[in-house]
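Secondary and tertiary structure notes
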Amino acid sequence: MAEDLNIHAGTKEEQYQSLLPQIKGLLSGEPDLIANLANICAALKEQFNWLWVGFYIVKNNELVLGPFQGPVACTRIQKGRGVCGTSWQQAATLIVPDVEKFPGHIACSSLSKSEIVVPLIRNGMVVAVLDVDSNLLNQFDATDQYYLEQVIAAIEMY
Ligand code: SME
């Protein structure tokens, strides 16, 4: 496995196209879920330098904070609460251009302005969500959804 990430400048799409195979390389042959989630956070943070990139993992019917990069965050989120809990409930990716306009948004950091949450679904069940926060409004769109869903699809569960 290459130890250093090759950081690519360019359009958002070009950045994802450079990063995605590198993330697949990082995950390849490593069965440990936490190790893989941690490296995904680090790779996304290094490439895009978003405010916060992390996973919440479903444990005993709530979301519990998992590997992340960024400021300290809320540790537990209930189903249907906030963007993460709503993504879990709907088993769907949610793009929030302005978090202040999302009813029930959970403000872990006052710096967060826009957000995307992608569920990790295995055997028809949401087992975790990837949450990405930006300190700028309107930072996430269909390109982020497409590529972040590809990142999530690359996670093998054993
Ligand atoms: N804003 C999220 C909570 C998690 S933090 O942003 C890291 C939400 O509304 O679910």
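First, a word on what this report is: a plain description of the structure on this page. (Residues numbered from 1 in each chain as written. Predicted model: local features only at pLDDT ≥ 70, side-chain atom pairs only at ≥ 80, totals over all residues. Heavy atoms only, no water.)

Next up on the list: the site of the ligand. In the vicinity of the ligand there are 13 residues, among which Val83, Cys84, Ile106, Cys108 and Asp133 approach most closely. Within the contact set of the ligand, an oxygen atom lies 2.8 Å away from a backbone nitrogen or oxygen of Cys84. In the environment of the ligand, a nitrogen atom lies 2.7 Å from a nitrogen or oxygen atom belonging to the backbone of Ile106. Alone, the ligand offers 300 Å² of accessible surface; in the complex the protein occludes 98% of this. If you list the elements that add at least two residues to the shell around the ligand, you get β1 (52-59), α3 (82-90) and β6 (125-134). No other element matches the 3 residues that α3 contributes to the shell around the ligand. The class makeup of the residues in the shell around the ligand is 8 nonpolar, 2 polar and 3 charged. (Near = heavy atom within 4 Å. Polar contact = N/O pair within 3.5 Å; in protein donor to acceptor, adjacent residues only side chain to side chain. Areas by Shrake-Rupley, 256 points an atom, 1.4 Å probe, with all protein chains shown as cover. Helix = DSSP H or I, 4+ residues; strand = E, 2+ residues; numbered from the N terminus. Nonpolar A, V, L, I, M, F, W, Y, C, P; charged D, E, K, R; others polar.)

The next point concerns the side chain of Thr93. On the secondary structure map, Thr93 appears in the loop between α3 and β4 (94-96). For Thr93, a relative accessible area of 16% translates into the label buried. In this structure the side chain of Thr93 is engaged in a polar contact, spanning 2.6 Å, whose partner is the side chain of Glu149. (Buried < 20%, exposed > 50% of the residue type's maximum accessible area, 1.4 Å probe, protein only.)

Take the state of the cysteines next. Scanning the entire structure with this criterion turns up 1 disulfide. Cys74 shares a disulfide with Cys108; S-S distance 2.0 Å. Here the disulfide of Cys74 and Cys108 is left-handed, its torsion about the S-S bond being about -125°. Of the two residues, Cys74 is situated in the loop between β2 (62-69) and β3 (76-77) and Cys108 in the loop between β4 and β5 (114-122); the sequence distance between them amounts to 34 residues. Since its relative accessible area comes to 35%, Cys108 is described here as partly exposed. Considering cysteine sulfurs only, Cys84 is the nearest to Cys41, which forms no disulfide, with 12 Å between them. Cys84 forms no disulfide, and the closest cysteine sulfur to it belongs to Cys108, at a distance of 7.6 Å. (Disulfide = S-S within 2.5 Å.)

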